[in-house]
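Summary of the model geometry
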Amino acid sequence: CIRAASIDDTALMDAIGVEDMSKWFLWTKEVNAAVANQRSIESDRLVCVCTANDLSGIKIVGGSADFRKALSAASQKANELYPMLSGPSLLLNLPRLLGALAKLFTPLFPEEVRKKIKFARGPLSDVTALSEILAGDGGDA
């Protein structure tokens, strides 16, 4: 789960470049896929990766344009290199304005994209760490 509002994207991008950030995003996608593959082999069950982006408290205006460029470049490259790794993405707790825009523009996205994106507001809005919800399940955070 990515907590977007917890990232100081401007300071981060002042320290590294778009290409390095994009490579890091690709690397994390590869690591997640490798872990899912290993867990699939060990459990003899298919394990998939789901990306969750919690947008609670995100700035609608501002932030680093370079960070957005790196994220976009990594996403495009990943879809090109690893189409089989493009699992679902959950966008959680969108600010009202973004939620309204999402409802307006989502029908214009290609069907393949619409299948992979889900928007939700709900019980996770007050969760600050995944360990809070995984602890009761006996899972690892």
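Read on for an overview of the structure. Sequence order sets the numbering: in each chain, residues are counted from 1 along the sequence as written. Local features are withheld for residues below a pLDDT of 70 in this predicted model, meaning they are given only at 70 or higher, and side-chain atom pairs are given and counted only at 80 or more; totals for whole chains, interfaces and linings count all residues. Hydrogens and water molecules were not included; the side-chain quantities draw on all heavy atoms of the structure.

A few points about the overall build of the protein chain
Worth spelling out the cut-off: Helix and strand definitions follow DSSP, with helices as H or I runs of at least four residues and strands as E runs of at least two, each counted in order from the N terminus. For every residue, the accessible area obtained with a 1.4 Å probe (protein chains only) is divided by the maximum for its type, and the residue is called buried under 20%, exposed over 50%, and partly exposed between those limits. It only takes one pair of heavy atoms within 4.5 Å for two residues to be counted as in contact.
Helix and strand counts for the protein chain stand at 6 helices and 4 strands. Overall, the protein chain shows an N-to-C arrangement of helices and strands of β-α-α-β-α-β-α-α-β-α. Counting all 141 residues of the protein chain, 20% fall into the buried class. Partitioning the contacts of the protein chain with sequence separation of at least 6, the portion at a separation of at least 24 is 80%.

Notes on the environment of Ala-5
Along the chain, Ala-5 falls in the loop between β1 (2–3) and α1 (9–15). In this structure, the C-alpha to C-alpha distance between Ala-5 and Lys-59, residues 54 residues apart in sequence, is 7.2 Å. Once residues within four sequence positions are removed from consideration, Ala-5 is found in contact with Ser-56, Gly-57 and Ile-58.

Some remarks on the packing of aromatic side chains
Put simply, the rule reads: Pairing of aromatic rings covers Phe, Tyr and Trp, the last through its six-membered ring, and needs centres within 6.5 Å; plane angles under 30 degrees mean stacked, over 60 mean edge-to-face, and all others mean tilted.
Scanning all chains against the criterion turns up 2 aromatic pairs. One aromatic cluster in this structure is built from Trp-24, Phe-25 and Phe-67.

Looking at the environment of Asp-9
The line we're drawing: Residues adjacent in sequence count toward polar contacts only when both atoms are side-chain atoms; beyond that, a polar contact is any pair of N or O atoms within 3.5 Å, and within protein one must be able to donate a hydrogen and the other to accept it.
Position of Asp-9 relative to the elements: it lies in helix α1. Given the relative accessible area of 11%, Asp-9 is considered buried. In this structure the C-alpha to C-alpha distance between Asp-9 and Gly-63, which are 54 residues apart in sequence, comes to 6.4 Å. The residues touching Asp-9, leaving out its near neighbours within four places in the chain, are Lys-59, Gly-63, Ser-64 and Phe-67. Separated by 3.0 Å, the side chain of Asp-9 and the backbone nitrogen of Ser-64 make a polar contact.

A few points about the nonpolar core
Quick note on the threshold: By convention a nonpolar core is built from buried Ala, Val, Leu, Ile, Met, Phe, Trp, Tyr and Cys residues, the set being connected through side-chain atoms within 4.5 Å.
Of all hydrophobic cores here, the largest spans 9 residues; its members are Met-13, Met-21, Phe-25, Leu-26, Phe-67, Ala-70, Ala-74, Ala-78 and Tyr-82. The set of elements that each furnish at least two residues to this core consists of α2 (18–43) and α3 (65–81). Of the residues forming this core, the biggest block, 4 residues, is contributed by α3. Non-local contacts of Phe-25, meaning those with residues more than four positions away in its chain, are made with Phe-67, Ala-70, Leu-71 and Ala-74.

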